[in-house]
Amino acid sequence: MRGIIVALEGIDGSGLTTHSRLLTSRLSGVGLRAVYTKEPTGGPVGQLIRQLLASGRPDPRVAALLFAADRAWHLSQDPSLPGGVLGALEQGYVVVMDRYKYSSIAYQGASGADPGWLWEVNSFAPEADIIVFIDVPVEVAVARVMSREVREGYETERFLRAVKEAFEGVLREAEARGARVLRLSQVRDGKVMDVEAFSSLLFDKVSALLEESRR
Ligand code: TYD
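Now for a description of the structure that goes with this document. Please read these numbers as outputs of a predicted model, since none were measured by experiment.

Concerning the site of the ligand
Now for step 1: Taken together, 15 residues form the shell around the ligand, and within it Asp12, Lys38, Arg71, Ser104 and Gln108 come nearest.
Now for step 2: Here an oxygen atom of the ligand sits 2.9 Å away from a polar atom, N or O, in the side chain of aspartate 12.
Now for step 3: For the ligand, the accessible surface in isolation is 550 Å², of which the surrounding protein chains cover 88%.
Now for step 4: For the shell around the ligand, the element with the highest residue contribution is helix 5 (residues 101–110), accounting for 4 residues.
Now for step 5: Its residues assigned to classes, the shell around the ligand shows 5 nonpolar, 3 polar and 7 charged.

Shown next as structure tokens:
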């Protein structure tokens, strides 16, 4: 059976890495073959991207093309997966992606690149089966980002608001292209959920969708 791409998306400070990793281990814990992976990658183009981001906000077209090149490498060549993401899918893995092409369309779109062109540039990358958008208030995200040691030029409140708004359009388009989209808020009863509670909610929701897709 072909594997499944579960892509986690959101603005900086929404806990994507923590929750992608936890989701992967919970899925493995119930006997699924699940693997965690991240974009930008640690590969040659990924490293170039980190250099570029460290020195300010790059031209959105330059960024988009580099992120797309890194994505092509991730899909077909990344040696940390059996034959890249595509190889892992052929082998039936649930591939949990900590960011995917939807980040490109939202981030580079919010920076001024044309969304139609961004979809086109990324058209080689298969649609995710499931996209989970982790929804966190921008103020909470900014507070988390500011408490980290390393900051990237990208991470400013105004920009994150624009990215969050751009994600709305991206998720609608992804849905129209056949992805299942799950929007999960980290706020419940007016309070931000702790990591354990949110991770458990995420696992329950994703498991239910995986169950459905197997029927
Ligand atoms: P991020 O996941 O935040 O890396 P880390 O947590 O290790 O610093 O990704 C780096 C930044 O790149 C983040 O601000 C989102 C942005 N990004 C894009 O602008 N376009 C893309 O296609 C991707 C995958 C990420």
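Brief notes about the packing of helix 5 against helix 8 (residues 157–176)
Now for step 1: Viewed as axis vectors pointing N to C, helix 5 and helix 8 meet at an angle of 135°, and their least axial separation amounts to 8 Å. As judged from the angle between their axes, helix 5 and helix 8 are oblique. The chirality of how helix 5 crosses helix 8 is right-handed. Of the residues in helix 8, those touching helix 5 at Tyr102, Ser103, Ile105, Ala106, Tyr107 and Ala110 are Phe159, Leu160, Ala162, Val163, Ala166, Phe167, Val170 and Ala174.
Now for step 2: Across the contact of helix 5 with helix 8, the residue classes break down as 13 nonpolar, 1 polar and no charged.

Details of the nonpolar core
Now for step 1: Counting 38 residues, the largest nonpolar core has Ile11, Val95, Tyr100, Tyr102 and Ile131 as the members making the most contacts within it.
Now for step 2: Counting residues per element, this core draws most heavily on helix 8, at 7 residues.
Now for step 3: When sequence neighbours within four positions are dropped, the list of residues in contact with valine 95 reads Ile4, Ile5, Val6, Val35, Thr37, Val85, Ala88 and Leu89.
Now for step 4: Counting residues in each nonpolar core, the second largest holds 22 residues, with Val96, Ile130, Phe203 and Leu209 among its members.

Observations concerning the sheet that holds strand 1 (residues 4–9)
Now for step 1: Within the open sheet, the 5 strands sit side by side as 2-3-1-4-5. Their pairing is parallel. The open sheet has two edge strands, strand 2 (34–38) and strand 5 (180–185), and neither has a second partner. Each neighbouring strand pair of the sheet contributes to a mean axis angle of 20°, computed without reference to strand direction.
Now for step 2: Sheet topology note: the strand 1/strand 4 (residues 130–135) ladder contains 4 bridges and is parallel. Along strand 4, the bridge assignment pairs valine 6 with isoleucine 130.

Reading the values: rules and limits
Residues numbered from 1 in each chain as written. Predicted model: local features only at pLDDT ≥ 70, side-chain atom pairs only at ≥ 80, totals over all residues. Heavy atoms only, no water. Near = heavy atom within 4 Å. Polar contact = N/O pair within 3.5 Å; in protein donor to acceptor, adjacent residues only side chain to side chain. Areas by Shrake-Rupley, 256 points an atom, 1.4 Å probe, with all protein chains shown as cover. Helix = DSSP H or I, 4+ residues; strand = E, 2+ residues; numbered from the N terminus. Nonpolar A, V, L, I, M, F, W, Y, C, P; charged D, E, K, R; others polar. Axes fitted to C-alpha atoms, helices over the stretch in contact; angles between N-to-C directions. Parallel < 35°, antiparallel > 145°, perpendicular 65-115°, else oblique. Left-handed = near helix turned anticlockwise from the far one by under 90°. Contact = heavy atoms within 4.5 Å. Core = buried A, V, L, I, M, F, W, Y, C linked by side-chain atoms within 4.5 Å. Buried < 20%, exposed > 50% of the residue type's maximum accessible area, 1.4 Å probe, protein only. Pairing = 2+ DSSP bridges.

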